[in-house]
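Chain by chain, the residues:
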Amino acid sequence: MKISILGTATTKFGELWNISPRALAKEAMISALDASGLKAHQIDALFVGNMLSGILGNQANLGSLLVEELGVNIPAFRIEGACASGGLALHNAVNSLKAYQYRTALVLGIEKMTDHSQDEITNALMAAGSDEERLAGATFPGVYALMAQAYMQKYKVTEEDLAAVSVKNHYHGTLNSKAQFQFEVSISDVMKSSKIADPLKLLDCSPISDGAAAVVITSDENSKKIKNNVYIAASEVATDTLSLHDRKSFTSLESVVKASNNAYKKTGIKPKDIDVSEIHDCFSISEAIATEDLGFSEKGEGAIDIAKGKRTLFKGDIICNPSGGLKACGHPVGATGIKQIVEITEQLRGEAGKRQVEKAKIGLTHNVGGSGTVAAIHILRS
Amino acid sequence: MITSPVKLWRRQKSASSLIGKKGKILHWTIIRVPAKSFVDQAPYPVVIVKVQNGENMIGQLVDWQKEDLKVGQDVVCVLRRLRTEERESIIYYNIKFKPL
């Protein structure tokens, strides 16, 4: 079965104080429907990726809440897997199509974070971690900082090498009008930014953001006739221990290795075949490790390859995060996995404008929850 | 948020058996932007420790000097007040690490 991506949409990402979560979600859903040329009554089900609505907004039952905005009575599901909620929502939607349960589904990722104070957000995000980590006073930047310490020590990589990830992604962000940050930063800006959890500094960390993204997917055979059709070649999920300290390796994420290997195996696609990818760079260290786990770079060389420009638009071989990634485009956690799909779809259709990767035919998205607790990998083809 | 006394009671059973256990720091960081209940302790180190029995644990390092923040540093499990609780909450004690 071929599952095609029809319409896609993202809202602006950023501090959207004048817009409610409900309105934000509606904007993304309606825009994606418009782009697909379908009406709400032609959709069989809605899948919503969201992490924090219950914790921060005391709002559960998101499926029903958001389907109300569409004015229909279709089945609707809220899917949660921390920062991989979006990727998991899409995976579940894909599975339901493959099972012939539904033919066309709307998949939404939504998060509203900036209504709340920074320590509330820090606290809420730690819901993705374990009891042991929370009781240790660890934070998400803290957990990734432990990985960064391990990585830097093992591979003799410097903080400047990691800073190159943020420099690249901010450069890409300048080419994306939806991005939260559309300005460049330098290595020295990153190095001079305030420390969050040593060795990670403010500019190593993705921001707190509001945003929504939506895609319409279908198994309808007629969609193949669409010009520039993009389809989902693989949708794979894998998990790992909730706590970082319970793992064998602190410098590689088993969930990413497993999910991506399954995706490569099922499609026959190899890492070097990937033209463009959206990587879950919640922290600079995350993208460095991701490019190794996905097979783009050798072990210990992920950050160095990024610093050399191998992942940068217009000069690299496998481009990572043309949208600006989580760092510059913003990271509304439930929306991120779907935004990645929107970006890769635009790239493969040749509709990415100023940040178009030339002749992009195969794209990959890498969406991670917790400290690598869950990973959703999608491979898209034109 | 008030910690559930039941949850606390259940968790504390395991804490006492760890007091005095020794281990070595595997990795460390310093948390400078903590969650609300840890704000008055920041900045503080969080470490992953390989404990004598071979198990890895994560915890806060207390009574520390800068030179204690290194891989291989010997530490011991101690019982400490965990964090700042709400006025109505039971004061929570838990295992933290102290340099040796």
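About the thresholds
- Residues numbered from 1 in each chain as written.
- Chains lettered and ligands numbered in written order.
- Predicted model: local features only at pLDDT ≥ 70, side-chain atom pairs only at ≥ 80, totals over all residues.
- Heavy atoms only, no water.
- Helix = DSSP H or I, 4+ residues; strand = E, 2+ residues; numbered from the N terminus.
- Rg over C-alpha atoms; globule rule 2.2 N^0.38 Å.
- Buried < 20%, exposed > 50% of the residue type's maximum accessible area, 1.4 Å probe, protein only.
- Contact = heavy atoms within 4.5 Å.
- Axes fitted to C-alpha atoms, helices over the stretch in contact; angles between N-to-C directions.
- Parallel < 35°, antiparallel > 145°, perpendicular 65-115°, else oblique.
- Left-handed = near helix turned anticlockwise from the far one by under 90°.
- Pairing = 2+ DSSP bridges.
- Buried area = accessible area lost by both parts, 1.4 Å probe.
- Salt bridge = Lys/Arg side-chain N within 4 Å of Asp/Glu carboxyl O.
- Core = buried A, V, L, I, M, F, W, Y, C linked by side-chain atoms within 4.5 Å.
- Domains from an automatic or database assignment.
- Polar contact = N/O pair within 3.5 Å; in protein donor to acceptor, adjacent residues only side chain to side chain.
- Phe/Tyr/Trp six-rings, centres within 6.5 Å; stacked < 30°, edge-to-face > 60°.
- Nonpolar A, V, L, I, M, F, W, Y, C, P; charged D, E, K, R; others polar.
- Patch = residues over 30% accessible without salt bridge, like charges linked within 9 Å, V, L, I, M, F, W, Y side chains within 5 Å.
- Areas by Shrake-Rupley, 256 points an atom, 1.4 Å probe, with all protein chains shown as cover.

> Looking at this structure, I do not really get the overall build of chain A. What am I missing?
Secondary structure summary: chain A contains 14 helices and 12 strands in total. Taken over the C-alpha trace, chain A has a radius of gyration of 19 Å; the compact-globule value for 382 residues is 21 Å, and the two agree within 12%. By its C-alpha atoms, chain A is 55 × 45 × 40 Å across when sized along the principal axes. Within chain A, the fraction of its 382 residues that count as buried is 65%. The long-range fraction of contacts in chain A, counting pairs at least 24 apart against all pairs at least 6 apart in sequence, stands at 77%.

> Just to check I follow, could you spell out the packing of helix H1 (residues 21–36) of chain A against helix H3 (residues 62–70) of chain A for this structure?
A pair of packed helices can be characterised by two numbers: the angle between their axes and the separation between those axes. Residues and elements named next belong to chain A. Direction vectors running N to C along H1 and H3 enclose 55°, while the axes themselves pass 10 Å from each other. As the angle between them shows, H1 and H3 are arranged oblique. Every pair of crossing elements has a handedness; the one defined by H1 and H3 is right-handed. Contact residues: H1 offers Arg22, Ala25, Lys26, Met29, Ile30 and Leu33, while H3 offers Leu65, Leu66, Glu68, Glu69 and Leu70.

> Looking at this model, I keep getting lost on the pairing of strand S4 (residues 74–81) of chain B. Mind explaining?
Put simply, side chains in a regular strand alternate between the two faces of the sheet. Of the pairings in the sheet, the one linking strand S1 (residues 22–31) of chain B to S4 of chain B comprises three bridges and is antiparallel in character. If you follow Lys24 of chain B over to S4 of chain B, its bridge partner there is Asp74 of chain B.

> So what exactly am I meant to see when it comes to the interface of chain B and chain A here?
When the parts come together, some accessible area is lost, and that loss is often what is quoted as the size of the interface. At the junction of the two partners, chain B supplies 27 residues and chain A supplies 27 residues. Approximately 2,300 Å² of surface area, both sides summed, lies buried where chain B meets chain A, with 61% of it carried by carbon and sulfur atoms. When residues of chain B are sorted by the area they lose upon contact with chain A, His27, Val33 and Ile58 of chain B head the list and together hold 27% of the total. The tally of links from chain B across to chain A stands at two salt bridges.

> Please explain the nonpolar core as it appears in this structure.
Generally speaking, a soluble globular protein has its nonpolar side chains buried in company with each other. Residues and elements named next belong to chain A. Judged by nonpolar contacts, the single largest core of 70 residues is most densely connected at Tyr144 and Ile285. Counting contributing residues, this core receives three or more from each of domain 1 (3–117 + 209–225) and domain 2 (139–207 + 231–381). Filtering out sequence-adjacent residues up to four positions away, Tyr144 remains in contact with Leu200, Cys282, Phe283, Ile285, Ser286, Val368, Gly370, Ser371 and Gly372. Counting residues in each nonpolar core, the second largest holds 34 residues, with Leu90, Val94, Ala105 and Val276 among its members.

> Would you explain the side chain of Lys168 of chain A in this entry?
Residue and element names in this part refer to chain A. In this structure, Lys168 sits in helix H8 (residues 159–173). Judged by relative accessible area, Lys168 falls into the buried class, the value being 4%. Within polar-contact distance, the side chain of Lys168 engages the side chain of Asn169 at 2.6 Å. If near-sequence neighbours (up to four positions away) are discounted, Lys168 is found in contact with Glu287, Ile306, Arg311, Thr312, Cys320 and Asn321.

> Explain the pairing of strand S1 (residues 3–10) of chain A to me, please; I cannot follow it from the model alone.
Residue and element names in this part refer to chain A. Here S1 lies mainly inside the structure; eight of its eight residues are buried. Across three bridges, the pairing between S1 and strand S8 (residues 230–239) is antiparallel. Pairing of Ser4 across the sheet is with Tyr231, part of S8. As paired strands, S1 and strand S7 (residues 211–218) are joined by five bridges and run antiparallel to one another. In the sheet register, Ala9 faces S7, and the bridge partner there is Ala214.

> What's the story with the packing of aromatic side chains in this structure? I'm lost.
How two aromatic rings sit relative to each other is set out by the distance from centre to centre and by the angle between their planes. All names here are of chain A. Counted according to the given criterion, the structure contains seven aromatic pairs over all chains. Residues Tyr151 and Tyr155 carry aromatic rings whose centres are separated by 5.1 Å and whose planes lie at 65° to one another, so their mutual orientation is edge-to-face. Of this pair, Tyr151 and Tyr155 are both found in helix H7 (residues 140–155), four residues apart, which corresponds to roughly one turn of the helix. Judged by its relative accessible area of 0%, Tyr151 falls in the buried class.

> Can you help me understand the packing of H8 of chain A against helix H11 (residues 284–293) of chain A in this one?
Residues and elements named next belong to chain A. Running from amino to carboxyl end, H8 crosses H11 at an angle of 95°, the nearest separation of the two axes being 8 Å. The orientation of H8 with respect to H11, classified from their angle, is roughly perpendicular. Residues Leu162, Val165, Ser166, Lys168 and Asn169 of H8 pack against Ser284, Ile285, Glu287 and Ala288 of H11. Its residues assigned to classes, the contact of H8 with H11 comprises four nonpolar, three polar and two charged.

> Would you mind showing me how to read the domain arrangement of chain A here?
Residues and elements named next belong to chain A. In terms of domain boundaries, chain A breaks down into domain 1 (3–117 + 209–225) and domain 2 (139–207 + 231–381). One C-alpha centre belongs to domain 1, the other to domain 2, and the line joining them spans 23 Å. Taken together, the 41 residues of domain 1 in the interface contact 35 residues of domain 2. For the pair domain 1 and domain 2, the summed buried surface comes to about 2,700 Å²; carbon and sulfur atoms form 67% of the total. It is Ile5, Phe13 and Cys83 in domain 1 that bury the most area against domain 2; as a group they hold 24% of the surface buried on that side. Those elements that provide at least two residues to the side of domain 1 that touches domain 2 are S1, helix H4 (85–98), strand S4 (104–111) and S7. When its residues are assigned to classes, the side of domain 1 that touches domain 2 shows 22 nonpolar, 15 polar and four charged.

> Looking at this model, I keep getting lost on a nonpolar patch on the surface. Mind explaining?
All names here are of chain B. The grouping of Ile19, Leu79, Ile91 and Tyr93 at the surface amounts to a nonpolar patch, some 370 Å² of accessible area in total. Secondary-structure assignment places Ile91 in the loop between S4 and strand S5 (93–99). The exposure class assigned to Ile91 is partly exposed, which follows from its relative accessible area of 48%.

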